[in-house]
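# Breakdown of the fold
So you can see what is in the structure, the chains are spelled out below.
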Amino acid sequence: MGLSNQSLEPFRPLTENELDEWEQAYAAVEAYLQALRIRNRLLAAELVRGILWRASARAANEPGKTPRFLAMEEALAEIANWTQDVLDEPLENRRLAARGRLALLLAGMPGKWQGVFLTPPPWPPEFVESMRKSYLAAGPQFAELTMIPAPLELNALGSGAAQWQNTMNRRPILRKLFILTVLAAIGGIIYLIAY
């Protein structure tokens, strides 16, 4: 979290464009926290503030990266590091990933433990135990499924139409003759109706 004595001084002077970029960074981090179901606005604002301050410290040394990019990197790293510390287990690729997010939800973090989210230890033992059980329950990996398309089952009329379509696709001359026949029939009907 950000320190209580932090101010906007490191950011100043800010142009309108820079203000807009930092606002976008704020919105991105806030949206990510909301996706993790951090609903308490005061807590979310404090977390976002701390993350933005760390991103601003990096911005001076990494001018090629946008504030939004730096802020999201900081948010992802901080959440992953905190989760690793709580689980006492390394995360795959040092990312929270679906398994970590699912563990947070299964442990009831959004409902019961929002106050300990991204705080330093010690954490309540019930929370740590719940997180570790949830992480085990959520893993080790989601299985990837492959869907194989099943052939269509058509009735006699549908089968005949499909066969006719295949024949037309294989024999373009026959298809052109069929189209000409249909057009001639339509023209003949229009002629008979008109005269």
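Take the pattern of salt bridges next. Taken as a whole and assessed by the stated rule, the structure comprises eight salt bridges. In this structure, Arg 58 engages Glu 62 in a salt bridge whose closest nitrogen and oxygen atoms are separated by 2.9 Å. By relative accessible area, Arg 58 is classed as buried at 19%. Overall, the relative accessible area of 21% leaves Glu 62 in the partly exposed class. For Glu 73, the salt bridge identified is with Arg 58, shortest N-O distance 2.6 Å. Placement of the pair is Glu 73 in helix H3 (residues 67-87) and Arg 58 in helix H2 (residues 41-59), with a sequence separation of 15 residues. Here the salt bridges share partners, and the residues they tie into one network are Arg 54, Arg 58, Glu 62, Lys 65, Glu 73, Glu 74 and Glu 78.

Residues Val 29, Leu 33, Ile 79, Trp 82, Leu 104, Phe 117 and Phe 127 are the most contacted members of the largest nonpolar core, which totals 39 residues. Only helix H1 (16-35), H2, H3, helix H4 (97-106) and helix H6 (125-138) provide two or more residues apiece to this core. Sorting elements by how many residues they give to this core places H3 first, with nine residues. Not counting the four nearest positions on each side in its chain, Phe 127 is found in contact with Trp 82, Val 86, Met 109, Trp 113 and Val 116.

Reading the values: the criteria
- Residues numbered from 1 in each chain as written.
- Predicted model: local features only at pLDDT ≥ 70, side-chain atom pairs only at ≥ 80, totals over all residues.
- Heavy atoms only, no water.
- Salt bridge = Lys/Arg side-chain N within 4 Å of Asp/Glu carboxyl O.
- Buried < 20%, exposed > 50% of the residue type's maximum accessible area, 1.4 Å probe, protein only.
- Helix = DSSP H or I, 4+ residues; strand = E, 2+ residues; numbered from the N terminus.
- Core = buried A, V, L, I, M, F, W, Y, C linked by side-chain atoms within 4.5 Å.
- Contact = heavy atoms within 4.5 Å.

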